[in-house]
Structures are given as C-alpha cells and as structure tokens.
Amino acid sequence: MKRTLWFIFFLLNSLFYLYADSENDSLLKVLDKVISERLIYTRKKEATIKELKKKKVGLNSLEDTYNLNKEIIHQYETFVCDSAEQYIHENIDIAKTIGNKEYLLEGQLRLAFVYSLSGLFIQANDIFKSIKCADLPDHLKALYCWNRIRYYENLIKYTDDVRFSNEYVSEKEAYRDTVMSILFDQSDEYRKEKAVKLQDKGSVKEALLILTEIYDKQEPASHGYAMMAMGLAKAYRLIGNYALEEKFLMLAAMTDTKLAVKENEALLTLAVHLYHKGDIDRAYNYIKVALDDAIFYNSRFKNTVIARIHPIIENTYLIRLEKQKQNLRFYIFLTSLFVVALAITLYFTYKQTKIVSQAKRHLKAMNEELVGLNKNLDEANLIKEKYVGYFMNQCAVYINKLDEYRKNVNRKIKTGQIDSKFGFTLENGDALRAATAAIKTPHVQLMGIHCHIGSQIFDEQPFEHAAEVMLTFLNTIRRETGVTLPEMNLGGGFGICYTEKDAALRYDSYMEKVSVVVKETCERLSFPQPFMMLEP
C-alpha cells in the first residue's frame, strides 16, 4: 500500500513539474513580447505624467498643488528618481510656506525613500536621523518604519558585505517589529510583515498561505500585484520550488514592465535565475534591459548591484557566442569536405558512365548474336511444347483423383467421432471426464472448450452443428460440475480453393449463421453467451 501511495505521489509530482515547465515556457514567450514593447509602455507613462502636469496650470491653492504633486511623485518614484526628487522638494517648500508640519514630514520621508532607491544612503540616513520616529502620528510612523526597512534592504544589497549585513538586518527587523505594533493585526499590511517574519523563522509554508491570500486580492495590472508576485517568488525559492519561483518572477516582471516601472527588481532576479538554469541568451537579454532601466531611472544603487552580475552573464554569453562561431567554422569546414567529396564522386561517376556505355554497346552485339542462336532453337521449342502439353494433361488427371481422395479423407477426419484425430471424444464421455478433472485440479483454471471439426470445409452447416454441440456440452459441464465456462473456440477448417470447382466460404455469411445458432441455443438452454473465438 505504501509503495502504491509513493508511486502515485511521484507520478503526480512529475506531472505537476511537466505542467509547470510548459506554463513557464509560455510565460517566457509572453514576457519576451512585453519587453520588446517596453518603449510603448514608457511613452504611455510619460503621457500620463504629462497630463498630470497640465492640470497644474490654473490651480488656485497651494493645497491643491501639493496634492497634485503627490500624484506626479507617485508616478515618478519608480520611473525617474531625479524627477521624483524635484517634485518632492517642491512639496516640501509648499509645506513650509503653508506651515503644515505633517506635509513637511511626509515630504521628508518620501525624499528619504527616493534617496534609498537611488543609492544616496548617506543623505537618506541624515533625513531619518533628523526625524524623531516616536513623535510621529501612527500613519507617518508606519511610513517611517517601512522606508527604514527598504533603506536597510537596499543597503545590504549595496554593500554586499557580511561585516555590516548582520547589523543592518537587526536594525531592519527592529523597525519591522515597530510597524507591526502600530498596524491592525487583521490588515493586509500587518499580515505581509508577519509573513516575512515567518519566513525568517523557517515557517515558509505558513508564510506562503498568507502571501497567496493577499496576492489573490490584488488587481492584476497593479504595482501591488507585482510586489506580491515578487514576495511569492522569494518564498518559493526558500522551499526549493524553482518552477513556481520562475513563474511568479515572470508575472512580476511583466506587470512592472507594462507599468513602466524602471526600478524593476523582478526582471533582474529573473535574469540571475535563468543564468543559473542555463538559459544564457534570455539571461543576457534581461540583464541588459534591467541595466537600461537602472540607467533610465538614474539609480546608482541599482547600477552597482547589476554591475556585479552583468559581467559574469555577459562573459558567459560571449563564451557561448565564441563556441557557436567555432561550431560554425567547423561545420563550414565539414561542408567543404563534403563538396570536395561530391566533386570526386561526380568525377568517378562520369568515368563509370563511360564504362557502362561501352558495356551496353558490347551487350548489344551479344544480343544480336543471341537472336541468331534463338532462331536455331525454334525446332527444339516445338518439341518442348508437345512434352509440356502432355505433362499438363497428366497433372490435371492426378489433381482430379486427389480431389476425390481429399473429400473421402475429409469425411473421415471430422472431430467428434470415436476415431477422432485429436481432442477428447464426446460420445464415450472422455471430454466430460477431462473437463471435470481440469476443474477440480488445484492451480488450474479451465476457461473454455475448443473443437476442430475438420479441414477443407466449404459449407456453413457443419459449423452451425458444431456450435450447437459445443454449447450443449458447455451446458452439460455446468449441470455436472456447477461451473459455467466463459469461452468457446470453434476452431477453423475453412476450405481453401485448390481448383476452380472449389467455392470459398464467405466469412460474413458464416458469422451471421453461426451467431443465430449460438443465440438460439443459449436461449433454449438458458446459458449465458460465451466469448466466441475462431481460427483462420
């Protein structure tokens, strides 16, 4: 039982991975198409921002300008960090002018966030230090903690040095604990942070349940959807499910590309994943796109991270190209050898053709000589024809005699007679005794009975009679032993046409008539119709 369950588990697991691979192949093709159209999405984003900027004309209050700037900043935060920084500074000036301290703090926190994304960690840290987190209202305190978490996450990637990473991780988790103490414990924001904590503790499957539930709530074309897909990809990588990791990385990369998010972490991570998987061409293309996006975004941090990976992938790609060039040169050389060999073959073919032409002329001369010899053999052929005619006449006589002899023998070799050639005889009870003995013998399972009524039979009537006799015998076995045998073989014996007089038995006619006999006999004997077999 355990072996069966293990086999079923292994089979289902194999089918799942085959399906996952097929789905991922399709998604990769879709992602390739989306990436090829990224210029369209960039222009669409620029058009959206342009429309927002037009709305600033005619605004009467600084409050309205501040709120519109927030929308523009939201668009620029993942698109062009310098432009986002410009509008954040404008909002900070507005907050100072109108004397709104909360707006000022919000602007400073957004500026620190953009600095963290662009790689200006010192400037971002200076802003964080200038703000007392404990004095902030809860919504700004949560924003402060989230920005700090992102700051330390980027700093860990930027430094890539274990001497500092432990300290940064401790700071990051301290801010995570703080933000969780502020949030409502049933909110999605709280549950996201809880899922991260569970992953750190090793409870990845529990974290996956939370992340999947939140992921299902997201709008497919939103940045939140991409962020949750990225979170799921990280979780699946932790449990070693690389097929699903790849799937969610692709979904995140596609979504961010369509949204013209230039701070596209998913595409960079997917490039590294495909590199380790062995898909060098796509890895190289994706890392180039990620680098172009980082340059467009003007992120020093992202450029530094990519700069560590890009040369490795590029070098592997170039080595692969060099190998392809070597293979191409080898195949060109091989093709040249084939061309030379073909030319040599054609030369020898030409020579052989000339030899064959000479041979044909020689054969023509010999044929002319043979024609002359054949004329001299005409008299011999006449004698031969007389003897062949005599021989054929004698053969016809012997064939007629053999046919009569065959018919006499056929009458004598029909099964069921006391002196039957083979099998058990019905009349003296041998067949019933043999069947009874087989049924009672341990380790022997008698499935049915078989007969052979003779050879060279050209009529259906003997087969119809044989079917009735055999069914009657099956009924006798049931009556005597209580066992109903399920199979019956009527054997063969169909006549073969040796002479023009012989008329072969039509199989459709045979089957139709024998089937009628079988059905009527079974109904008469109240016997279930057995599985029928016959031989050619």
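A brief structural summary. Predicted model, so just to flag it, every value in this text is computed and none were measured. (Residues numbered from 1 in each chain as written. Predicted model: local features only at pLDDT ≥ 70, side-chain atom pairs only at ≥ 80, totals over all residues. Heavy atoms only, no water.)

1. Description of the overall build of the protein
In step 1: Of the regular secondary structure elements, the protein holds 19 helices and three strands.
In step 2: Residues counted as buried form 38% of the 536 residues belonging to the protein.
In step 3: Counting only contacts in the protein whose residues sit at least 6 apart along the sequence, the fraction spanning at least 24 positions is 63%.
In step 4: About 33,000 Å² of surface is accessible on the protein, with carbon and sulfur atoms providing 58% of the total. (Helix = DSSP H or I, 4+ residues; strand = E, 2+ residues; numbered from the N terminus. Buried < 20%, exposed > 50% of the residue type's maximum accessible area, 1.4 Å probe, protein only. Contact = heavy atoms within 4.5 Å. Areas by Shrake-Rupley, 256 points an atom, 1.4 Å probe, with all protein chains shown as cover.)

2. A few points about the packing of helix H8 (residues 162-182) against helix H9 (residues 188-201)
In step 1: Axis separation between H8 and H9 bottoms out at 10 Å; the angle between their running directions is 145 degrees. Every pair of crossing elements has a handedness; the one defined by H8 and H9 is left-handed. Taken together, the residues of H9 that come into contact with H8 (itself represented by Glu 173, Arg 176, Asp 177, Val 179 and Met 180) are Tyr 190, Glu 193, Lys 194, Val 196, Lys 197 and Asp 200. (Axes fitted to C-alpha atoms, helices over the stretch in contact; angles between N-to-C directions. Left-handed = near helix turned anticlockwise from the far one by under 90°.)

3. Comments concerning the sheet that holds strand E2 (residues 487-489)
In step 1: One open sheet accounts for three strands, arranged E1-E2-E3; its pairing is parallel. Every other strand in the sheet has two partners, leaving strand E1 (448-450) and strand E3 (531-533) as the edge strands with one partner each. Adjacent strand axes in the sheet meet at a mean angle of 10 degrees, parallel and antiparallel pairs treated alike. (Pairing = 2+ DSSP bridges.)

4. Structural notes on unusual backbone geometry
In step 1: The phi torsion at Ala 260 lies on the positive side, around 60 degrees, for a residue other than glycine.
In step 2: Within the fold, Ala 260 resides in the loop between helix H12 (242-258) and helix H13 (265-277).
In step 3: On the accessibility criterion, Ala 260 (3% relative accessible area) is buried.
In step 4: The phi torsion at His 443 lies on the positive side, around 65 degrees, for a residue other than glycine.
In step 5: Its relative accessible area of 87% is what places His 443 among the exposed residues.

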